[in-house]
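# Inside the fold
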Amino acid sequence: MAGLCWDDGSCSCAFNAPVSRGERIMVLHADSSDGWVPNCLFLSARNIGDSKADSHDEMNSEIFEDWFTNKLMKNLPTSPPCIIVTDNAAYHSRLQFRLPNRSTRKDDIISFMVQHNLEVPNPLPTISVLLELIKEANISREFVIDKIARDFGHEVLRLPPYHCNLNAIELIWACLKHEVRKRNVTPSRSDNVCRTIRECVELINSELWTKCVNRTREIERQYIVRDSENDRDSFIISVGDSDSEGSSSDES
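Under an unreviewed UniProt entry, the name given to the chain is Tc1-like transposase DDE domain-containing protein, and the source organism is Periplaneta americana.

## Some thoughts on the nonpolar core
Judged by nonpolar contacts, the single largest core of 21 residues is most densely connected at Phe64, Trp67, Phe68, Leu72, Met73, Leu76 and Ile84. Taken together, the elements giving at least two residues each to this core come down to strand E1 (26–28), helix H1 (61–75) and helix H4 (144–151). With 6 residues, H1 is the largest single contributor of residues to this core. In this structure leucine 76 touches Val37, Cys82, Ile84 and His154, once residues within four positions along its chain are discounted. In this structure, Ile25, Leu41, Cys194 and Cys200 belong to the second largest nonpolar core, which totals 20 residues.

## What to know about H4
Counting along an α-helix, one turn takes 3.6 residues, and residues three or four places apart therefore face a common direction. Among all positions in H4, only Val144, Ile145, Asp146, Ile148 and Ala149 are buried. Where H4 is buried, its residues contact H1, strand E5 (83–86) and strand E6 (155–158). Of the residues trailing H4, glycine 153 is marked for its positive phi of about 90°.

## Considering the side chain of threonine 216
Locating threonine 216 in the fold gives a position in helix H7 (residues 206–232). A relative accessible area of 9% means that threonine 216 is categorised as buried. Looking at threonine 216, its side chain comes within polar contact range of the main-chain oxygen of cysteine 212, at 2.9 Å. Once residues lying within four places of it in the same chain are set aside, the contact partners of threonine 216 are Asn165, Leu166, Asn167, Ala168 and Leu171.

## Overview of the pairing of E5
Going residue by residue along E5, you find Ile84 and Thr86 tucked away on one face and Ile83 and Val85 left uncovered on the opposite face. With 4 bridges connecting them, E5 and E6 associate as parallel partners. Bridge assignment links threonine 86 to a residue of E6, and that residue is arginine 158.

## A word on unusual backbone geometry
In this chain, serine 79 is followed by proline 80 through a cis amide linkage whose omega measures -5°. Positive phi, normally seen in glycine, also occurs at asparagine 39, with a value near 60°. Take asparagine 39: it is sitting in the loop between strand E3 (35–36) and strand E4 (42–44). Its relative accessible area of 59% is what places asparagine 39 among the exposed residues. One non-glycine residue, tyrosine 162, lies in positive phi territory at about 65°. In this structure, tyrosine 162 sits in the loop between E6 and helix H5 (168–183).

## A word on helix H3 (residues 127–137)
Of all the residues in H3, the buried ones are Leu130, Leu131 and Ile134. The arc that holds every buried residue of H3, seen down its axis, measures 100°, which confines them to one face. Away from the buried face of H3 by more than 90 degrees, exposed residues Lys135 and Glu136 are located. The elements touched by buried residues of H3 are helix H2 (106–115). Remark: asparagine 138 follows H3 within two positions and exhibits a positive phi of approximately 55°.

## Describing the packing of aromatic side chains
Under the defined criterion, the tally for this structure stands at 6 aromatic pairs. Ring geometry for phenylalanine 64 against tyrosine 91: centres 5.7 Å apart, planes inclined by 55°, an arrangement best described as tilted. Taken as a pair, phenylalanine 64 in helix H1 and tyrosine 91 in the loop between E5 and H2 lie far apart in primary sequence, 27 residues in all. A residue is classified by how much of its surface remains accessible, and phenylalanine 64, at 5% relative accessible area, is buried. Ring pairing ties together the aromatic residues Phe64, Trp67, Phe68 and Tyr91, which thus form one cluster. The ring of phenylalanine 143 carries the charged tip of arginine 158 above its face, separated from the ring centre by 4.0 Å.

## A few points about the pattern of salt bridges
Following the criterion strictly, the structure yields 11 salt bridges and no others. Taken together, the shared-partner salt bridges connect Glu179, Lys182, Arg183 and Glu199 into one network.

## Quick word on a nonpolar patch on the surface
Taken together, the side chains of Ile83, Val85 and Leu157 make up a nonpolar region of the molecular surface, amounting to roughly 260 Å² of accessible area. Within the element layout of this structure, isoleucine 83 appears in strand E5.

Here is what the cut-offs are and how they apply
- Residues numbered from 1 in each chain as written.
- Predicted model: local features only at pLDDT ≥ 70, side-chain atom pairs only at ≥ 80, totals over all residues.
- Heavy atoms only, no water.
- Core = buried A, V, L, I, M, F, W, Y, C linked by side-chain atoms within 4.5 Å.
- Buried < 20%, exposed > 50% of the residue type's maximum accessible area, 1.4 Å probe, protein only.
- Helix = DSSP H or I, 4+ residues; strand = E, 2+ residues; numbered from the N terminus.
- Contact = heavy atoms within 4.5 Å.
- Polar contact = N/O pair within 3.5 Å; in protein donor to acceptor, adjacent residues only side chain to side chain.
- Pairing = 2+ DSSP bridges.
- Arc of directions from axis to C-beta.
- Phe/Tyr/Trp six-rings, centres within 6.5 Å; stacked < 30°, edge-to-face > 60°.
- Lys NZ or Arg CZ within 6 Å of the ring centre and 35° of its normal.
- Salt bridge = Lys/Arg side-chain N within 4 Å of Asp/Glu carboxyl O.
- Patch = residues over 30% accessible without salt bridge, like charges linked within 9 Å, V, L, I, M, F, W, Y side chains within 5 Å.
- Areas by Shrake-Rupley, 256 points an atom, 1.4 Å probe, with all protein chains shown as cover.

Below is the structure:
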């Protein structure tokens, strides 16, 4: 994305198609190089009986975390532990708690300190002092899904912002959308579209997944090589009595 990150122009996360402004069906799924994780497909749309949740137009943390806990976690293998790659979308990134700030009520700050086993001074100091004590405690913030994954023995790996090309599922979404568009010749958001999505999901096999994962690993390798080359680059600035390009010196 130009203007938001370094980009060599070799890849893009945007589709060469107009952005849809109409109604949408939200799709959740997960994958590995072996293919789709079983029993994890989730469709969310308003007033479509064939979707799993017919009361939501937009994805939110509540829906995502429920799917993450009751679908994804319960269908992942327990051994070896899995690393779950995700981006930083807002509904992936709800915090377990927020650190108090100057607008937080004093009673709430005290409750926060008690919950995190921090000693509350007596007599009570000002809010500024309490906030400084919390800051000194260096309490680490944690995302909700990160804790859920850890409780199941897995780990969440978050991609750098604006680097969706490091997530293999983005290539799969492109294939899925293309196939749905091709089959949905009379575009309408109906039960038929949900059935079409499910059919197209089934067409995406482990062979395609392996290719997409390998392609993503190659992109990652290219980033690593490029960063390594940049680390080796150096330049020298000679500091002398004058910064004038016209200055002269005697060399022997």
